[in-house]
Amino acid sequence: LSVSSLRRARRLAEARGIADCVLIGMEGNIKEFMPIQRDDSCDVVEMVGFLDYRSWKSAVWICGQIRRILKPGCVFVGAHIAPSPWSFVVRWVINWPLLIRRKPEKFKQILLQAGFKSEEVDMVIEPNRIHPVCICRKS
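All figures in this text were calculated on a predicted structure; none of them were measured in a lab.

What counts, and where the lines are drawn
Residues numbered from 1 in each chain as written. Predicted model: local features only at pLDDT ≥ 70, side-chain atom pairs only at ≥ 80, totals over all residues. Heavy atoms only, no water. Phe/Tyr/Trp six-rings, centres within 6.5 Å; stacked < 30°, edge-to-face > 60°. Lys NZ or Arg CZ within 6 Å of the ring centre and 35° of its normal. Pairing = 2+ DSSP bridges. Helix = DSSP H or I, 4+ residues; strand = E, 2+ residues; numbered from the N terminus. Contact = heavy atoms within 4.5 Å. Salt bridge = Lys/Arg side-chain N within 4 Å of Asp/Glu carboxyl O. Buried < 20%, exposed > 50% of the residue type's maximum accessible area, 1.4 Å probe, protein only. Axes fitted to C-alpha atoms, helices over the stretch in contact; angles between N-to-C directions. Core = buried A, V, L, I, M, F, W, Y, C linked by side-chain atoms within 4.5 Å.

The tally for this structure, following the rule as stated, stands at 1 aromatic pair. The ring of Phe 116 has Arg 67 lying over it, and the distance from NZ or CZ to the ring centre is 5.8 Å.

Structure follows, in structure tokens:
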């Protein structure tokens, strides 16, 4: 959605010598992008930090679309930031109010409501429980 962010990503990739590894195929809104993707068309979908800014309903829709476009046997890797004793620093000191922090259990509920089966979802949570990562393999 942010053309300036996409341009910055391109510049950073170029500066690091990996521009040939980065493809930005569309500039636009995820609500426009996801419906036009074919079922069972992706091997890997990676999304880090984006669901931190989406409402519950939106996160469920996005994850459902991700499951739809994954090929059987392929994976969705997603991560977000959970509540922690440091949450107040981000909210009040850094002034970053839009971040929605969800406990790992809530993150998993979103995935299940989106259509992932329980056996398809593996949650990896580091010891401080701040950065849950889901690895969902579509069966």
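The discussion continues.
What follows concerns the pairing of strand β3 (residues 121–125). Direction of pairing for β3 relative to strand β4 (residues 132–137): antiparallel, over a ladder of 5 bridges. When the sheet's bridge partners are listed, Val 121 is paired in β4 with Cys 136. The hairpin turn running from β3 into β4, its antiparallel successor, is 6 residues long, and Arg 129 in that turn takes a positive phi close to 60°.

To continue, consider the side chain of Ser 84. With respect to the secondary-structure elements, Ser 84 resides in the loop between β2 (70–79) and α4 (87–93). When neighbours within four sequence positions are excluded, Ser 84 is seen to be in contact with Arg 101 and Ile 130.

Turning next to the pattern of salt bridges. A complete count under the given rule lists 5 salt bridges for this structure. A salt bridge links Arg 67 to Glu 120; the nearest nitrogen and oxygen atoms lie 2.8 Å apart. With Arg 67 in helix α3 (residues 56–69) and Glu 120 in the loop between α5 (104–113) and β3, the pair connects residues that are 53 residues apart, well separated along the chain. Taken as a pair, Arg 67 and Glu 120 share a single burial class, namely buried. In this structure, Glu 105 and Arg 129 form a salt bridge, with 2.6 Å as the shortest nitrogen-oxygen distance.

Moving on, we get to the sheet that holds β4. In spatial order, the strands read β1-β2-β4-β3; together these 4 strands make up an open sheet with mixed pairing. Where the open sheet ends on each side, the last strands, each with one partner, are β1 (42–48) and β3. Each neighbouring strand pair of the sheet contributes to a mean axis angle of 15°, computed without reference to strand direction. The sheet strands contacting α3 are β1 and β2, and the helix crosses β2 at an angle near 145°. Lying on the sheet, α5 is in contact with β2, β3 and β4; it crosses β3 at an angle near 160°.

Each regular strand displays side chains that alternate between the two surfaces of the sheet. Across the two faces of β4 the burial differs, with Pro 132, Cys 134 and Cys 136 buried and Val 133, Ile 135 and Arg 137 not buried at all. Where β2 and β4 come together, 5 bridges link them in antiparallel fashion. Within β4, the position partnered with Ala 79 by the bridge is Val 133.

Counting 23 residues, the largest nonpolar core has Ile 66, Phe 76 and Leu 111 as its most contacted members. Going through the elements one at a time, β1, α3, β2, α5, β3 and β4 are the ones with two or more residues in this core. Per-element tally for this core: the top contributor is α3, with 6 residues. Not counting residues within four places of it along the chain, the set of residues in contact with Leu 111 comprises Cys 63, Phe 76, Phe 116, Val 121, Met 123, Cys 134 and Cys 136.

Turning our attention to unusual backbone geometry. Glycine aside, residues mostly have negative phi angles, and peptide bonds mostly take the trans form. One non-glycine residue, Asp 40, adopts positive backbone phi at about 50°. Topologically, Asp 40 is positioned in the loop between α2 (30–33) and β1. One non-glycine residue, Arg 129, lies in positive phi territory at about 60°. Here Arg 129 is to be found in the loop between β3 and β4. Classification of Arg 129 as partly exposed rests on a relative accessible area of 38%.

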